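Architecture at a glance
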Amino acid sequence: MKHLLKNPVVNALGLSIFTAFYGFIFIFTSGHIEFNSLLYYNRAAADQYFWTAWSGFLASGSHAYIAYGLIAISILVVMMLLLRRHPYDEYHADVLIQCLAIATILTLAAIAVLYLMILSDANGIIEKFTLFIVIHWTTVVLADLGYVLVCRWDRI
């Protein structure tokens, strides 16, 4: 596994695949009438301001802008990864493994919070899960950008 992580192309490929998937879903569902009909808080009473605002944001199709932003940052990261002329060394692979372990722990904690939110109020599951994906994938993309920048400054 560590051998794969030393190759920047593996990182670029993983980031590209998931960003393409989430980007496609976000752009495809933006303004889609069936997606809008699934949003609960967009048609519910405005007693929960955050969820009503988030639902309105999704209903207006503005989550496509989130996708465009994540795609742009991902392209930047992939370009920086592909322009790297040599594999990462042992130290950088260890740093990446630590970053992945922390991301996994944070993701598991976020899944627990998401599950608790759904158990406490199952309404608006589309809004809640979409927010989870936005936070999770934004964190992954920005962490990867940070990792690539740190490794670029750290190389000889």
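Keep in mind it's a predicted model, so treat the numbers as computed, not measured.

For the rest of this paragraph, the subject is the packing of aromatic side chains. Considering all chains together, one arrives at eleven aromatic pairs under this definition. With 5.7 Å between their ring centres and 45° between their planes, Phe-18 and Trp-137 make a pair best called tilted. Here the residue Phe-18 occupies a position in helix 2 (residues 8–29), and Trp-137 occupies one in helix 7 (residues 125–154), the gap between them amounting to 119 residues. Of the residues examined, Trp-137 reaches a relative accessible area of 8% and is grouped as buried. An angle of 15° between the planes, with centres 5.4 Å apart, marks the rings of Trp-54 and Phe-57 as stacked.

Our next topic: the side chain of Glu-127. In this fold, Glu-127 is placed in helix 7. We classify Glu-127 as buried; its relative accessible area is 0%. Looking at Glu-127, its side chain comes within polar contact range of the main-chain nitrogen of Tyr-41, at 2.9 Å. With residues up to four places along the chain from it excluded, the contact list for Glu-127 reads Leu-39, Tyr-40, Tyr-41, Asn-42, Trp-51, Trp-54, Ser-55 and Leu-58.

Another aspect to go through is helix 5 (residues 63–82). Its 20 residues give helix 5 an end-to-end C-alpha distance of 28 Å, which sits within 8% of 28 Å, the value for a rise of 1.5 Å per residue. Among all positions in helix 5, only His-63, Ala-64, Ile-66, Ala-67, Leu-70, Ser-74, Val-77, Val-78, Met-80 and Leu-81 are buried.

Now for the layout of surface pockets. One number sums up the size of the largest pocket: a volume of about 740 Å³. If you trace the largest pocket, you find 27 residues lining it, with Cys-99, Leu-100, Ala-103, Trp-137 and Val-140 closest to the centre. Among the elements of the structure, helix 1 (2–5), helix 2, helix 6 (90–120) and helix 7 are those that each provide at least two residues to the lining of the largest pocket. Of the residues that constitute the lining of the largest pocket, the class distribution is 20 nonpolar, six polar and one charged. Lining the second largest pocket are 13 residues, and of these Ile-25, Phe-26, Phe-35, Phe-129 and Thr-130 lie nearest its centre. Counting only elements with at least two residues in the lining of the second largest pocket, the list comes to helix 2, helix 3 (33–38) and helix 7. Split into classes, the residues belonging to the lining of the second largest pocket amount to ten nonpolar, three polar and no charged.

Reading the values: the criteria
- Residues numbered from 1 in each chain as written.
- Predicted model: local features only at pLDDT ≥ 70, side-chain atom pairs only at ≥ 80, totals over all residues.
- Heavy atoms only, no water.
- Phe/Tyr/Trp six-rings, centres within 6.5 Å; stacked < 30°, edge-to-face > 60°.
- Helix = DSSP H or I, 4+ residues; strand = E, 2+ residues; numbered from the N terminus.
- Buried < 20%, exposed > 50% of the residue type's maximum accessible area, 1.4 Å probe, protein only.
- Polar contact = N/O pair within 3.5 Å; in protein donor to acceptor, adjacent residues only side chain to side chain.
- Contact = heavy atoms within 4.5 Å.
- Expected span 1.5 Å × (residues − 1).
- 1 Å grid on protein atoms, 1.4 Å probe; cavity = no way out; pocket = protein on both sides within 12 Å on 5 of 7 lines; lining within 4 Å.
- Points joined across faces, edges and corners; volume = space filled by probe spheres on them.
- Nonpolar A, V, L, I, M, F, W, Y, C, P; charged D, E, K, R; others polar.

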